[in-house]
Amino acid sequence: MKKTIYTLALSLGILITASAQNQEEQKSVEKNAFETFFTENMDFQVRAHFSIGGSSPLGLPKEIRKIDSYNPGLQLGLEANATKWFADDKHWGVRLGLRFEGKGMTTKANVKGYLTEIIQDNAKVRGYFTGDVKTKVRNTYLTVPVNVIYKINEDWNIYGGLYFSALIDKTFDGHVSNGYLRQNDPNGSKLTFEDDSSAPYDFSKEVRKFQWGTQVGAEWKMNKNFLLLGEVSYGFNGVLNKDFDAISFSMHNIYLNLGFGYQF
């Protein structure tokens, strides 16, 4: 009887020891697989760019008769990203990044029957303006781009995907001049702005806090580490809040980004 108990105890000890060893080996395999995933076939970049574009409707609305001037300003962006390649040949991969960027412009346009809301005598006045409108947009975003990347050859990569942006700082304002405003409707009472007179407007509080859209781009490797890049982005949702109706058309962020990067 004692021999049987000793045998069972010894067998149980062997099983427990073997099980513990198997668990340690399994954890080691899982740890190695996890470390391998984030170390093998990975590329890391830092990038900088400047942007040319603006907050614009799709197509020129009938209210805007002529664009008199356009200044993109100095809109800069900084990005860090990581690319995970699906295979050793590095033809296909997924890239995730974090970007700090500015988007803006200053424009002057001649308009007719342009719905807007100005500030006159410390009060908001809504109506249809005919004359000159100057607009200044300066918005800053924290953006997460998610792209699929394809390597054409050793020098060229192309990529495309989505981006998601959170608003950090905002400016969307301007003034009207050299014209008149019909209050409330196209036949309403008339406010005239002549010579040096003007009236400001400020829609900064109406800038949407979340933006998302699509982007496509290409990068050219100058050498092992340095690269040049160009990409086009388009915002799916409008720059201003959905329920904002002091402008009769939706405006979207449309930009061309040009820059350079360093690959580690």
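Structure first, text after, so check above.
Residues numbered from 1 in each chain as written. Predicted model: local features only at pLDDT ≥ 70, side-chain atom pairs only at ≥ 80, totals over all residues. Heavy atoms only, no water.

Trainee: Looking at this structure, how should I read the overall build of the chain?
Mentor: When you go through the chain residue by residue, the secondary structure sums to one helix and eleven strands. Taken from N to C terminus, the helices and strands of the chain fall in the order α-β-β-β-β-β-β-β-β-β-β-β. Counting the 264 residues in the chain, one finds 39% classified as buried. Taking as baseline every contact in the chain between residues at least 6 positions apart, the subset at least 24 positions apart corresponds to 73%. Roughly 15400 Å² of accessible area belongs to the chain as shown, and the carbon and sulfur atoms make up 60% of that amount. (Helix = DSSP H or I, 4+ residues; strand = E, 2+ residues; numbered from the N terminus. Buried < 20%, exposed > 50% of the residue type's maximum accessible area, 1.4 Å probe, protein only. Contact = heavy atoms within 4.5 Å. Areas by Shrake-Rupley, 256 points an atom, 1.4 Å probe, with all protein chains shown as cover.)

Trainee: It is not clear to me how a positive patch on the surface should be interpreted in this structure. Could you clarify?
Mentor: Taken together, Lys-124, Lys-170, Lys-205 and Lys-209 make up a surface patch of like positive charges. Looking at the element boundaries, Lys-209 is found in the loop between strand E8 (190–202) and strand E9 (210–221). In this structure Lys-209 comes out as exposed when scored by relative accessible area, which is 65%. (Patch = residues over 30% accessible without salt bridge, like charges linked within 9 Å, V, L, I, M, F, W, Y side chains within 5 Å. Salt bridge = Lys/Arg side-chain N within 4 Å of Asp/Glu carboxyl O. Lys, Arg positive; Asp, Glu negative; His and termini not counted. Charge placed at Lys NZ, Arg CZ, Asp CG, Glu CD.)

Trainee: What is the right way to look at the pairing of strand E7 (residues 172–183) in this model?
Mentor: Every regular strand shows the same layout, with side chains that alternate between the two sheet faces. In this sheet, E7 lies alongside strand E5 (residues 123–151) in antiparallel orientation, the contact comprising ten bridges. In the strand pairing of E7, Thr-130 is matched with Tyr-180. Direction of pairing for E7 relative to E8: antiparallel, over a ladder of nine bridges. In the sheet register, Val-176 faces E8, and the bridge partner there is Ala-199. Linking E7 to E8, which pair antiparallel, is a turn of six residues; within it Asn-184 sits at a positive phi near 70°. (Pairing = 2+ DSSP bridges.)

Trainee: Just checking my understanding: could you explain the environment of Phe-193 for this structure?
Mentor: Following the sequence through the fold, Phe-193 ends up in strand E8. We classify Phe-193 as buried; its relative accessible area is 3%. Among all residues touching Phe-193, those that are not within four sequence positions of it are Ile-118, Gln-120, Phe-129, Val-176, Ser-177, Asn-178, Gly-179, Tyr-180, Leu-181, Ser-198 and Ala-199.

Trainee: I would appreciate a short explanation of the pairing of strand E10 (residues 226–235) in the present structure.
Mentor: Side chains Leu-227, Leu-229, Glu-231, Ser-233 and Gly-235 of E10 all project onto a buried face; the interleaved residues Phe-226, Leu-228, Gly-230, Val-232 and Tyr-234 project onto a face where none is buried. As defined by bridge partners, E9 adjoins E10 across nine bridges and the pair is classed as antiparallel. From the neighbouring strand, Val-216 faces E10, where its bridge partner is Val-232. In this structure, E10 lies alongside strand E11 (residues 252–263), joined through nine bridges in antiparallel fashion.

Trainee: Any chance you could explain the environment of Ile-52 here in plain terms?
Mentor: Locating Ile-52 in the fold gives a position in strand E1 (residues 42–56). According to the relative accessible area criterion, Ile-52 is partly exposed, its value standing at 35%. Along the chain, Ile-52 and Asn-71 lie 19 residues apart, while their C-alpha atoms are 9.0 Å from each other. Leaving out residues up to four positions away in the same chain, Ile-52 has contacts with Tyr-70, Pro-72, Ile-254, Tyr-255 and Leu-256.

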